[in-house]
Amino acid sequence: MKVNRIYLDNAATTPLDPEVISEMVNVMTNFYGNPSAIHAQGREVRTLVEKARKTVASLLNATPAEIFFTSGGTEADNTAIRCGIAAFNIKHAITSKIEHHAVEHTLGMLLKQGVIEKLSFVNIDTKGNIDYDHLEELLKENGRSFVSLMHANNELGTLTDIERVGEICEQYDAIYHCDTVQTMGHYKHDVRKLKAHFIVCSAHKLHGPKGVGFLFVNHNVKIAPMIYGGAQERNMRGGTENVYGIIGLAKALEMAYSEMESHQNHIQGLKDYLKNRLSTEIADISFNGETDADKSLYTVLNVSFPAMDMSDMLLFNLDINGISASGGSACSSGSSIGSHVLTGIHADPNRPSVRFSFSKYNTKEELDIVVDKVKQIVSQNVTA
């Protein structure tokens, strides 16, 4: 018997929107030329790719020349960090201890390789908020720096004031890279106001296809490619373009912008509803990161549950009850297993955490089922 599953792991990936699928299938079916070819079939596909680029650029208030299509957020982050640091011969980088591994591991490897000489971590509080005064101190003390701070934390949902970060970076002539994977399509990004040199997108976070994204590179920044090969992406990324993915990305982002207000109201309502019900019906529950609407990404709610027997089985129990979510716990002393984000905010390693993340397709009826199942699991396993 098939279980009717409830999907609450949209921060990991979202279902493809049917209109996006339709757009992609049309291109798959009717347009098969290589966009680098000079013949008619190639030219018509090249036109589709450039139309998609213009769509993305217009939504961000960018120019098409500032948009480079990639295989996703990880490649875009790597390109921004590696090529941005190399272009300006920067020896000092600043980040936080709760960044995505695409940022954290990349900067760590550059330090290990000697490409950068120092890697500083800006202070954060127990909710994951950036200490802006400390950021400014680090910039004052270390000369021209490369700053990589995300817009919304992918595990906690805590938002960073990226316009404020941009202004601080501009004051100290720093190069600013912002991982916007979790917020692209959920908030409007005006790159002319943002003052970031690099921002990124991964289409599958906003009901687009997997395996495609983009990197925005401010027109004031000139970098070399990370991937060499052909002359694709204006000599900035070798390799035949993921045409179907690019078309799907542009369609998904266009739809996200046109429907943003209604979706935000709906999803924020779901988050608040689940938070209130869990708080009312389960004792000793708390939340990791910020949860207020003006401080937190509306698609993410990270719940800290009381210590329980076999806490590492919480997600498994949710799964067998038809609920898809993600999470974990802070790393215990002497252990490298666990969430580096929860460890970074000094969360209690004895309390299991679950990240519930929502989309436009979720309903309050689903959340009622989730609360009932969670109550049952917790009551059977909470440590006396």
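One can find the structure itself at the top, above this paragraph.
Residues numbered from 1 in each chain as written. Predicted model: local features only at pLDDT ≥ 70, side-chain atom pairs only at ≥ 80, totals over all residues. Heavy atoms only, no water.

**Q** Which parts of the structure should I look at to understand the nonpolar core?
**A** The tendency in soluble globular proteins is for nonpolar side chains to be buried side by side. Formed by 83 residues in total, the largest nonpolar core has its most connected members in Val147, Phe214, Phe305 and Phe356. For this core, the element with the most residues is helix α9 (residues 243–258), which contributes nine residues. For Phe356, the contacting residues outside a window of four places in its chain are Leu8, Leu274, Leu278, Thr299, Val300, Leu301, Val303, Phe305, Ala325, Val370 and Val374. Residues Ala80, Ile85, Phe146 and Phe198 belong to the second largest nonpolar core, which totals 23 residues. (Core = buried A, V, L, I, M, F, W, Y, C linked by side-chain atoms within 4.5 Å. Buried < 20%, exposed > 50% of the residue type's maximum accessible area, 1.4 Å probe, protein only. Helix = DSSP H or I, 4+ residues; strand = E, 2+ residues; numbered from the N terminus. Contact = heavy atoms within 4.5 Å.)

**Q** I'm lost on the packing of aromatic side chains in this one. Help?
**A** Aromatic ring pairs: the centre-centre distance and the angle between the two ring planes describe each pair. Tallying each qualifying case throughout the model produces two aromatic pairs. Relative to Phe198, the ring of Phe146 lies with its centre 6.4 Å away and its plane at 35°, an arrangement referred to as tilted. In this pair, Phe146 is assigned in strand β5 (residues 146–148) and Phe198 in strand β7 (residues 198–202), connecting sequence segments 52 residues apart. The class for Phe146 is buried, based on a relative accessible area of 0%. A centroid spacing of 5.5 Å and a plane angle of 70° characterise the contact between Tyr187 and Tyr298, whose relative ring orientation is edge-to-face. You can see Tyr187 sitting in the loop between β6 (175–178) and α7 (191–194) and its partner Tyr298 sitting in the loop between β9 (286–288) and β10 (300–304), a full 111 residues away along the chain. According to the relative accessible area criterion, Tyr187 is buried, its value standing at 16%. Overall, the relative accessible area of 2% leaves Tyr298 in the buried class. Looking at Lys97, its charged tip hangs above the ring of Phe121, at a distance of 5.3 Å from the centre. Lys275 extends its terminal NZ or CZ atom over the ring of Phe287, reaching a point 5.8 Å from the ring centre. (Phe/Tyr/Trp six-rings, centres within 6.5 Å; stacked < 30°, edge-to-face > 60°. Lys NZ or Arg CZ within 6 Å of the ring centre and 35° of its normal.)

**Q** I tried to follow helix α10 (residues 260–281) on my own but got confused; where do I start?
**A** Three- or four-residue spacings in an α-helix give side chains the same orientation, since the helix completes a turn every 3.6 residues. Between the first and last C-alpha of α10 there are 31 Å, a value that for 22 residues agrees with the 32 Å anticipated at 1.5 Å per step. Listed as buried for α10 are Met260, His263, Ile267, Gln268, Leu270, Lys271, Leu274, Arg277 and Leu278. Taken together, the buried residues of α10 touch α9, β10, β13 (353–357) and α13 (364–381). (Expected span 1.5 Å × (residues − 1).)

**Q** What should I look at first to understand the sheet that holds β5 in this one?
**A** Pairing between the strands of a sheet is mediated by backbone hydrogen bonds and can be parallel or antiparallel. Taken in spatial order, the seven strands of this open sheet run β2-β8-β7-β6-β5-β3-β4, and their pairing is mixed. The sheet is open, and its two borders are formed by β2 (67–70) and β4 (118–121), each paired with just one other strand. Here the strands of the sheet are splayed against their neighbours by 20° on average, with no regard to which way each runs. In this sheet, β6 lies alongside β5 in parallel orientation, the contact comprising three bridges. The partner of Val147 across the bridge, within β6, is Tyr176. (Pairing = 2+ DSSP bridges. Axes fitted to C-alpha atoms, helices over the stretch in contact; angles between N-to-C directions.)

**Q** Sorry if this is basic, but what is going on with unusual backbone geometry here?
**A** When glycine is set aside, most residues are seen to have a negative phi, and most peptide bonds are trans. The backbone of Arg234 sits at a positive phi, close to 55°, despite the residue not being glycine. Residue placement: Arg234 occurs in helix α8 (residues 232–235). Residue class for Arg234 comes out partly exposed when judged on its relative accessible area of 37%. With a phi angle near 60°, His346 is a residue other than glycine that sits in the positive phi range. Structurally, the position occupied by His346 is in the loop between α12 (340–344) and β13. We classify His346 as exposed; its relative accessible area is 68%.

**Q** What's the story with the side chain of Ser339 in this structure? I'm lost.
**A** Following the sequence through the fold, Ser339 ends up in the loop between β12 (326–328) and α12. Residue Ser339 is classed as buried on the basis of its relative accessible area, which comes to 9%. A polar contact is formed between the side chain of Ser339 and the backbone nitrogen of Val341, at a distance of 3.2 Å. A distance of 3.0 Å separates the side chain of Ser339 from the backbone nitrogen of Leu342, its partner in a polar contact. (Polar contact = N/O pair within 3.5 Å; in protein donor to acceptor, adjacent residues only side chain to side chain.)

**Q** Could you clarify how one ought to interpret helix α6 (residues 162–171) in this entry?
**A** The set of residues buried in α6 consists of Ile162, Val165, Gly166, Ile168 and Cys169. Taken down its axis, α6 places every buried residue within 165° of arc, on the same side. Structurally, α6 contributes buried residues whose contacts are with α5 (132–142), β5, β6 and α7. Just beyond α6, the residue with positive phi is Asp173, at close to 55°. (Arc of directions from axis to C-beta.)

**Q** What is the right way to look at a negative patch on the surface in this model?
**A** There is a patch of like negative charges on the surface, built from Asp125, Asp131, Asp133, Glu137 and Glu141. As for its position among the elements, Asp133 is in helix α5. Classification of Asp133 as exposed rests on a relative accessible area of 52%. (Patch = residues over 30% accessible without salt bridge, like charges linked within 9 Å, V, L, I, M, F, W, Y side chains within 5 Å. Areas by Shrake-Rupley, 256 points an atom, 1.4 Å probe, with all protein chains shown as cover. Salt bridge = Lys/Arg side-chain N within 4 Å of Asp/Glu carboxyl O. Lys, Arg positive; Asp, Glu negative; His and termini not counted. Charge placed at Lys NZ, Arg CZ, Asp CG, Glu CD.)

**Q** Could you clarify how one ought to interpret the side chain of Lys205 in this entry?
**A** Checked against the element boundaries, Lys205 lands in the loop between β7 and β8 (213–217). Although Lys205 is buried, it forms no salt bridge, and the closest oppositely charged side chain is Asp9 at an N-O distance of 8.0 Å. Polar contacts involving the side chain of Lys205 include one to the main-chain carbonyl oxygen of Ala12, which spans 2.9 Å. Ignoring any residue separated from it by four or fewer positions in sequence, one finds Lys205 in contact with Ala11, Ala12, Thr14, Val181, Gln182 and His186.

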